Amino acid sequence: MAARIGLTFVPLILLGNMRAKKLIRIADEHKIPHLMEKREDILRKIRHSTILFHILIFVPIIIFWATIIASLERTPLTGRWRIILLSPEEEEDIAAQLAGPGWYRAVGEILSADGAPSIIPPSDWRLEWVRDTLHRLEGAIPVLAREAELCQHWVDCAPTDVPLPPPAEYPLRPRPRASEYLRRFAEMTCARTVPPAPHVIAGPPYSLLVIDKPDASNAFSYGFGPDGGGGIVVFSGFLDEVLARNQCPMPEPEPRSWLAELFGLGPRPPPRPAPTEQQTAELATLLAHELAHLVLSHHIETLSSGSIVWPSVLSIVTDAIRAFLFPVTMLFGPFINDALAGVGKVGAGEFSQLSEYCTSQKQEVEADVVSARILAHAGFDPRDAARFWEARRDSPKTAECSPALAEATAAAAGSEPEAASTSVMSGVLALPRRLLGDTHPMHEVRVAKLRAELERWEVEREAARAKRDAALAREGRIQEKESAGAAQSPQSAVTVGES
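Report on the accompanying structure. None of the values given here were measured: they were computed from a predicted structure.

1. Comments concerning the pairing of strand 4 (residues 219–223)
It is a general feature of regular strands that their side chains alternate between the two faces of the sheet. The element strand 4 is largely enclosed, with a buried count of four among its five residues. The sheet contact formed by strand 4 and strand 5 (residues 230–235) spans five bridges and is antiparallel. Paired with Y222 across the bridge in strand 5 is G231.

Here's what the structure looks like:
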């Protein structure tokens, strides 16, 4: 607000300086006595106005960028720099609102935008299958904070073993931001010690919902915080697709006994089918991807950039344009000025909606890279993840955005064939990809990055083995020299004794 008030004076300062320079030019040309006497005063006013102009322009810019720099932090496991303009207290408030039943209420509101969702009950074997797979992946999350201690055998993985990743340079630990370092420095100057308040990394347990929606073959994650403040929603269309691609044996129903025949009892319901290891691996790949979004707090990052960063940038640009055009727009009344303000609000709203519904391509690729670590530590082969994503394509049914956007795209396509639907989805997602700096299809980018990550694991494994072998060889040579020296010492003592 203070910056907006200050910018309103910028046009007045510019007009005043222009008028003062015009008076000086007239005084120099026509040698007007009273203007020549005021020349020094006019120049002094111009200098003061110029200083004030620079203060009004650059102070808000400096404060804005100082806030951005103070909010920088490293993303755990990948080390990517990111901006989160939320304090630990604000994050705790968000986590408290989503904890327990709050997550289910928030997700229910999202799903209700397309009508009342049909939730698969706990008695359904598919929910149990998804829940067991999710719990297996959750067990690998604590390992991400202590990979160097718990996974020292990653170097010894054979080609037939599940490849383990090298320890991450940035473990999954709360990392203070630049603002925390500034706060600590301020406390030290006051001779006070205050415990740090790092931003937490919420872990399991996570909430889970399985929605009966055959035309949606995907899942999405939502939320932040402990006590189930974050969770995953899986659509039954994905489960049906996995089960249909790799048929699992369906057990035959048990025959009716004579007692059941006598009392007219029906046959027992058939036992639940047993999904194959390949089916469970495909389910784990999608769950690990969504789990990585939660582990890396991508939703907090998206909330910060969509609700604070981009709206603030657009607001500053719009206010600056309005301030510089004010001398012109005031001649036409307040309508043009209000229209410019409306354009800024609409632009901020569009960016907020884009950030809310579609996570950036960098976050998607980052989630793939981290999900490979989660899969490896949970006992799944991360090389299957690359083949899984390679088999999927961008379409309304498998969209990497929210279900609402996928449904809107499918509705726009109408009853056209699948090829037309895919074309519409490509057009809808073209603008976000252009804004994010890449126009390649999402599945091609993620497969290439994921394969590059797995290749990096192998390169680092070979380098670590070579380093270890060299160290062992060096220790062996040292021990041989020591043994040879110890063997020569008794012979020298015997020779001295004989002499």
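2. Quick look at the environment of L286
With respect to the helices and strands, the residue L286 is situated in helix 12 (residues 277–295). Along the primary structure L286 and F388 are separated by 102 residues, whereas in three dimensions their C-alpha atoms are 8.9 Å apart. In contact with L286, other than residues within four places in its own chain, are N218, A219, F238, F388 and W389.

3. Quick notes on a negative patch on the surface
Together, E89, E90, E92 and D93 line one region of the surface with negative charge. Residue position: E92 is located in helix 5 (residues 88–98). The exposure class of E92 is exposed, given its relative accessible area of 51%.

4. With respect to unusual backbone geometry
What you tend to see is this: most non-glycine residues have negative phi, and most peptide bonds are trans. Its identity as a non-glycine residue notwithstanding, D227 has a phi of 55 degrees, on the positive side. Inspection of the secondary structure puts D227 in the loop between strand 4 and strand 5. Taking the relative accessible area as the measure of exposure, D227 reaches 57% and is therefore exposed. Despite not being glycine, S297 has its phi angle at roughly 55 degrees, a positive value. With respect to the helices, strands and loops of the structure, S297 is situated in the loop between helix 12 and helix 13 (298–329).

5. Examining the nonpolar core
One finds L137, I232, V234, L291 and I374 to be the most contacted residues of the largest nonpolar core, which totals 53 residues. Listed by contribution, the elements that provide at least two residues to this core are helix 7 (125–138), strand 3 (207–211), strand 5, helix 10 (236–245), helix 12, helix 15 (361–377), helix 16 (383–391) and helix 19 (442–498). Ranked by residues supplied to this core, first place goes to helix 12 with ten residues. Other than its neighbours up to four places away in sequence, L137 contacts A284, L287, A288, L291, I374, L375, A378 and F380. One finds L111, L209, I211 and F220 within the second-largest nonpolar core, a separate group that totals nine residues.

6. Focus: helix 7
Over its 14 residues, helix 7 runs 20 Å from end to end, which matches the ideal 20 Å to within 8%, given 1.5 Å per residue. For helix 7, the set of buried residues is R126, L127, W129, V130, T133, L134, L137 and E138. Elements that come into contact with the buried residues of helix 7 comprise strand 3, strand 5, helix 10, helix 12 and helix 15. For helix 7, the N-terminal capping position is held by D124, with its side-chain oxygen 2.8 Å away from the main-chain nitrogen of R126.

What counts and how
Residues numbered from 1 in each chain as written. Predicted model: local features only at pLDDT ≥ 70, side-chain atom pairs only at ≥ 80, totals over all residues. Heavy atoms only, no water. Buried < 20%, exposed > 50% of the residue type's maximum accessible area, 1.4 Å probe, protein only. Helix = DSSP H or I, 4+ residues; strand = E, 2+ residues; numbered from the N terminus. Pairing = 2+ DSSP bridges. Contact = heavy atoms within 4.5 Å. Patch = residues over 30% accessible without salt bridge, like charges linked within 9 Å, V, L, I, M, F, W, Y side chains within 5 Å. Areas by Shrake-Rupley, 256 points an atom, 1.4 Å probe, with all protein chains shown as cover. Salt bridge = Lys/Arg side-chain N within 4 Å of Asp/Glu carboxyl O. Lys, Arg positive; Asp, Glu negative; His and termini not counted. Charge placed at Lys NZ, Arg CZ, Asp CG, Glu CD. Core = buried A, V, L, I, M, F, W, Y, C linked by side-chain atoms within 4.5 Å. Expected span 1.5 Å × (residues − 1). Polar contact = N/O pair within 3.5 Å; in protein donor to acceptor, adjacent residues only side chain to side chain.

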